[in-house]
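# Chain and residue survey
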Amino acid sequence: MLMMAIAIVATIVSYCTGNIADIPGDTGTWLPSADDWLPVGGASLVINLVLNVFIAVMLILLNKRFNILRSASDLFAGLFLILQMALPSFMGQFYGGTLLCFVVLFLSFKLYMAFNRPYPLQPIFLIFFLLTMGAMSQYAYLFYIPLFLIGCAQMRILNLKTLLAAGIGIITPIWILWGFDLISFKNIELPHIVNVFSAIDSHEMLQLLVTIGITVMATFVFGVLNLVRVFNYNSKTRAYNGFISIMSFITIILVLADYTNSATYIPLLNCCAAFQMGHYFAINNYQRSYIAILGIIAVYIALYWWSVMV
């Protein structure tokens, strides 16, 4: 709760001091990009803060429902908000990255509920339906379709019927919108590649690159350290943690490879990083772990302060 309060207050301070840079959008194929749904302002700030809190709550619910960390610790939820706070422009306005993070977490919940079920066709249909709907306004969703197919294999539900349900889920939103004449195959628009760095100056760019670099490194290091312990879990917990590990590494690759659209992946990257950090400290309960935890928090508070000063 304290970390949530710090993150919210810090973001509001950045908004009031004019340190929220508008994130360029126009990354959809048929539908308007979520980056353009709301102008930068009070409504966008409040909606995004609420959505970030929902994401933190969803992380807690995921762990309580599926015992992913094998611990009751909620540290990772607070760390997510602290990591988000370090980049006020991405915390202080509603845009496609926050929505992507929320949708992927929600779909992960549905995927976990389908573990080893004989006929999990409805949740699989919903997963790929929503991913396709999302891809119409932000092409980044397309890269997570293979991730959830891998997830189906990890949950032991990948078979012909599952593939058919996934295929129908992909086709259905396109078919419905085309049937209502809301989209046209002749007028499909390729996403306009918009460089997020074009919206910020050189000093802000350096702070953004350093923050992303630290988060990518932390996600990778803590993720590798956790894998050693994950192998000793039972099959169900291994599947849950394995899916998050693959999601973490895929998101790292996308942040680096699709750099012009990197802003979209940052909330999900922070989510994965917070999970890996929280998992590490949950399974390695050293006597003075709090020193390392406070050190991580201090680093991201310093990065936030840097963003305010530039």
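In this convention, every chain numbers its residues from 1, walking through the sequence in written order. Owing to the predicted nature of the model, reporting of local features is limited to residues with pLDDT of at least 70; listing and counting of side-chain atom pairs is limited to 80 or more, with chain, interface and lining totals taken over all residues. The side-chain figures draw on all heavy atoms in the structure; neither hydrogens nor water molecules are used.

### As for the overall build of the protein
Along its length, the protein carries 12 helices and 0 strands. Segments assigned H or I by DSSP are reported as helices when at least four residues long, segments assigned E as strands when at least two residues long, and all are numbered from the N terminus. Along the chain direction, N to C, the helices and strands of the protein fall in the order α-α-α-α-α-α-α-α-α-α-α-α. Atoms considered for the radius of gyration are the C-alpha atoms alone. The globule rule reads 2.2 Å times the number of residues to the power 0.38. Computed over its C-alpha atoms, the radius of gyration of the protein comes to 19 Å, within 12% of the 19 Å expected for a compact globule of 310 residues. Dimensions of the protein along its principal axes, counting C-alpha atoms only, are 50 × 50 × 30 Å.

### Observations concerning the side chain of S307
As for its placement among the helices and strands, S307 is situated in helix α12 (residues 289-309). Polar contact criterion, stated in full: a pair of N or O atoms within 3.5 Å, where within protein one must be able to donate a hydrogen and the other to accept it, and residues adjacent in sequence count only if both atoms are side-chain atoms. A polar atom in the side chain of S307 sits 2.5 Å from the backbone oxygen of Y304. Only heavy atoms enter the contact rule, under which two residues are in contact if any of them lie within 4.5 Å. If we skip the residues at most four places from it in the chain, S307 touches N19, A86, P88 and Q207.

### A few points about the packing of aromatic side chains
Geometry of aromatic contacts follows a simple scheme: Phe, Tyr and Trp rings, the Trp one being its six-membered ring, pair when their centres are within 6.5 Å, and the pair is stacked under 30 degrees between planes, edge-to-face over 60, tilted otherwise. In total, this model carries 17 aromatic pairs according to the counting rule given. Ring centres of Y112 and Y240 lie 4.5 Å apart, and the angle between their planes is 40°; this geometry places the pair in the tilted category. Taken together, the residues span a long stretch of sequence, with Y112 in helix α5 (residues 96-113) and Y240 in helix α10 (residues 235-257) at a distance of 128 residues. With centroids separated by 5.3 Å and ring planes inclined at 70°, the aromatic side chains of F222 and Y280 adopt a geometry described as edge-to-face. Separated by 58 residues along the polypeptide, F222 in helix α9 (residues 202-230) and Y280 in helix α11 (residues 262-283) bring together distant segments of the chain. There is no split in this pair, since F222 and Y280 are both buried. An aromatic cluster is present here, built from F66, F109, Y112, F115, F148, Y240 and F243 joined pairwise through their rings. Only protein chains enter the accessibility calculation, which uses a 1.4 Å probe; a residue is then buried when its area is under 20% of its type maximum, exposed when over 50%, and partly exposed in between.

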